[in-house]
Amino acid sequence: METLQFFHSLKRIAIKSSLYVFIFIFYTNILGQNITITDDDGYTPDNSAILDVKSTAKGLLLPRMTSTERNDIASPAAGLVIFNSETKKINYYDGSEWLEYNGCGFPASPTEISGNTTPDQYQTGVSYSIDEVLSADSYNWTVPEEASIASGQGTSSITVDFGSVDGNVSVRSEKDCGNVSVYIHLAITLQEVAPTCTDEIQNGNETDTDCGGSCSPCGDGDGCLLDADCVSGSCIGGVCQASPSCSDGVLNGDETDTDCGGGSCPACTSGQGCVVGSDCESGVCDGGVCVEASCSDGVHNGNETDTDCGGSCSPCGDGDGCLLDADCVSGVCSGGVCQSPECGDGVCNGGEDCVTCPIDCGPCK
Ligand SMILES: [Ca+2]
Ligand SMILES: [Ca+2]
Ligand SMILES: [Ca+2]
Ligand SMILES: [Ca+2]
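Just so we're clear, the structure is a prediction, and the values are computed from it rather than from any experiment. (Residues numbered from 1 in each chain as written. Chains lettered and ligands numbered in written order. Predicted model: local features only at pLDDT ≥ 70, side-chain atom pairs only at ≥ 80, totals over all residues.)

We now examine the overall build of the chain. For the chain, the count of helices and strands is three helices and 19 strands. Relative to the compact-globule value of 21 Å for 365 residues, the chain shows a C-alpha radius of gyration of 50 Å, a clear excess of over 25%. Taking the principal axes of its C-alpha atoms as reference, the chain extends roughly 170 × 45 × 40 Å. Buried residues in the chain amount to 23% of all 365 residues. Taking as baseline every contact in the chain between residues at least 6 positions apart, the subset at least 24 positions apart corresponds to 21%. (Helix = DSSP H or I, 4+ residues; strand = E, 2+ residues; numbered from the N terminus. Rg over C-alpha atoms; globule rule 2.2 N^0.38 Å. Buried ≥ 20, exposed ≤ 12 C-beta atoms within 10 Å, placed from the backbone. Contact = placed C-beta atoms within 7 Å.)

Listed below in structure tokens is the structure:
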């Protein structure tokens, strides 16, 4: 019966105050207690509302009273709401005291964004600004994909570093209490620029910023697709590897074993890997392994002064290389070459004897 009483009292009030406002109360199902007050006779009440007040031309007027009048309300219900005519704020009773609904209004939207709508792709430091909005505490900006706000977020002007994607520069006003305005937008159409190897952007067919592809090769650690994209000549897993060196402790470059062999590192010692004899200190690569120098390997190696002779091998023949007289069969090393025996060379050699060459071999006794 309360619903019907409510209906009758509302109807009385409405008819008294205005002939133009219709009140429709739906109480076909009293148990549902679904009540609508509206000036739109085509309106269907929302089922979720026990009381649905609908108008596009008028508001809902709360009881207006002073703080004293408010405080005189006996046993106010939690949730009771009034408009405080002194503070001009909506007050509500939380069950134990009257509180003021936060007076934080919604800030107005900025009116217009000023700035370049056609900057170049990847252009940096492009400025955008708005006029300050009096009711705003700060501003939130958004920028197109790939772009970033270089400075000024929160303020009325920003600088933007663009990527290659068009989009909107947008901004809204915000209040410290969390209330925000709607965004306004400025459409940005980026202008294409031809890639260069000096524009500090990875573009064109570059594999990293300004290198690789048709630019000069990239340094260690840069991106790559092919070995040729790298200064080191080594692209593994899309990354330029460190340039091989003969001291990096890694078998790389054209080395035949770790840090030796190949065309640019020192020769390998015996037991290390090799491809050709020149990869080895001994000059002898046997089955992919460097072997020790010997006096019979057909290679000038070890301390030999010529191939397989001199040094700790047997002396060398005439015309072979030598360091000492002892490196030579003739016993005479001159100018790095073993000399043929001669009478008068100071050595009794070449079949000389006291008869044929007493000057070298001494007088016969
Ligand atoms: Ca570039
Ligand atoms: Ca190495
Ligand atoms: Ca030898
Ligand atoms: Ca002689």
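Consider a sheet: its strands pair through backbone hydrogen bonds, and that pairing is either parallel or antiparallel. Taken in spatial order, the four strands line up as β3-β4-β5-β6 in an open sheet, and their pairing is mixed. On the outer flanks of this sheet lie β3 (64-65) and β6 (98-100), each paired with one strand and no other. Both strand β4 (residues 81-84) and strand β5 (residues 89-93) contribute to a ladder of four bridges, which runs antiparallel. Looking at β5, one finds that Phe83 is bridged to Ile90. (Pairing = 2+ DSSP bridges.)

Across two bridges, β3 lies against β4 in parallel orientation. Within the sheet, the bridge partner assigned to Met65 lies in β4 and is Asn84. Here β4 hands over to β5 after four residues, with Lys88 in that stretch at a positive phi of 60 degrees.

What follows is about the nonpolar core. In this structure, Trp141, Val160 and Val169 are the most contacted members of the largest nonpolar core, which totals 16 residues. Mapped by element, the contributors of at least two residues to this core are β9 (138-142), β11 (157-161) and β12 (167-174). Those residues in contact with Val169 that lie beyond four places of it in its chain are Ile113, Gly115, Tyr128, Trp141, Val143, Val160, Leu186 and Ile188. Counting residues in each nonpolar core, the second largest holds nine residues, with Cys274, Cys280, Cys285 and Cys290 among its members. (Core = buried A, V, L, I, M, F, W, Y, C linked by C-beta atoms within 7 Å.)

On to the sheet that holds β9, then. Pairing is antiparallel across the open sheet formed by three strands, whose spatial order is β9-β12-β13. A single partner strand is all that each edge strand has here, and the edge strands are β9 and β13 (184-188). If you compare each strand with its neighbour and ignore which way they point, the axes differ by 20 degrees on average. Pairing of β9 with β12, which is carried by five bridges, proceeds in the antiparallel orientation. Bridge pairing in β12 links Trp141 to Val171. (Axes fitted to C-alpha atoms, helices over the stretch in contact; angles between N-to-C directions.)

Among the secondary structure elements, Thr66 is positioned in the loop between β3 and α2 (67-71). The exposure class assigned to Thr66 is partly exposed, which follows from the 13 C-beta atoms found within 10 Å. Sequence spacing of Thr66 and Gln272 is 206 residues, and the spatial spacing of their C-alpha atoms is 101 Å. Not counting residues within four places of it along the chain, the set of residues in contact with Thr66 comprises Ser85 and Glu86.

Mapped onto the elements of the fold, Val81 is located in strand β4. Residues Val81 and Arg70 lie 11 residues apart in sequence; the distance between their C-alpha atoms is 9.7 Å. Contacts of Val81, omitting those with residues within four sequence positions, involve Leu62, Ile90 and Tyr92.

A few words now on unusual backbone geometry. Notably, Ser75 is not glycine yet its phi reads approximately 45 degrees, a positive angle. The residue Ser75 is located in the loop between α2 and β4 in this model. One non-glycine residue with positive phi stands out, namely Glu146, at about 75 degrees.

Chain-level pLDDT for the chain is 88 on average; 91% of the residues reach the 70-or-more range. The low-confidence segment residues 1-22, where pLDDT is below 50, has 15 contacts with residues more than four positions distant or belonging to other chains. A low-confidence stretch, residues 24-31 (pLDDT under 50), is modelled with 14 contacts involving residues beyond four sequence positions or located in other chains. (pLDDT = per-residue confidence, 0-100.)

Among the structural elements, Cys313 can be located in the loop between β17 (289-290) and β18 (333-334). A count of 20 C-beta atoms within 10 Å places Cys313 in the buried class. Separated by 14 residues in the primary sequence, Cys313 and Asp327 have C-alpha atoms spaced 8.5 Å apart. With residues near it in sequence (within four places) discarded, Cys313 still touches Cys295, Glu304 and Asp308.

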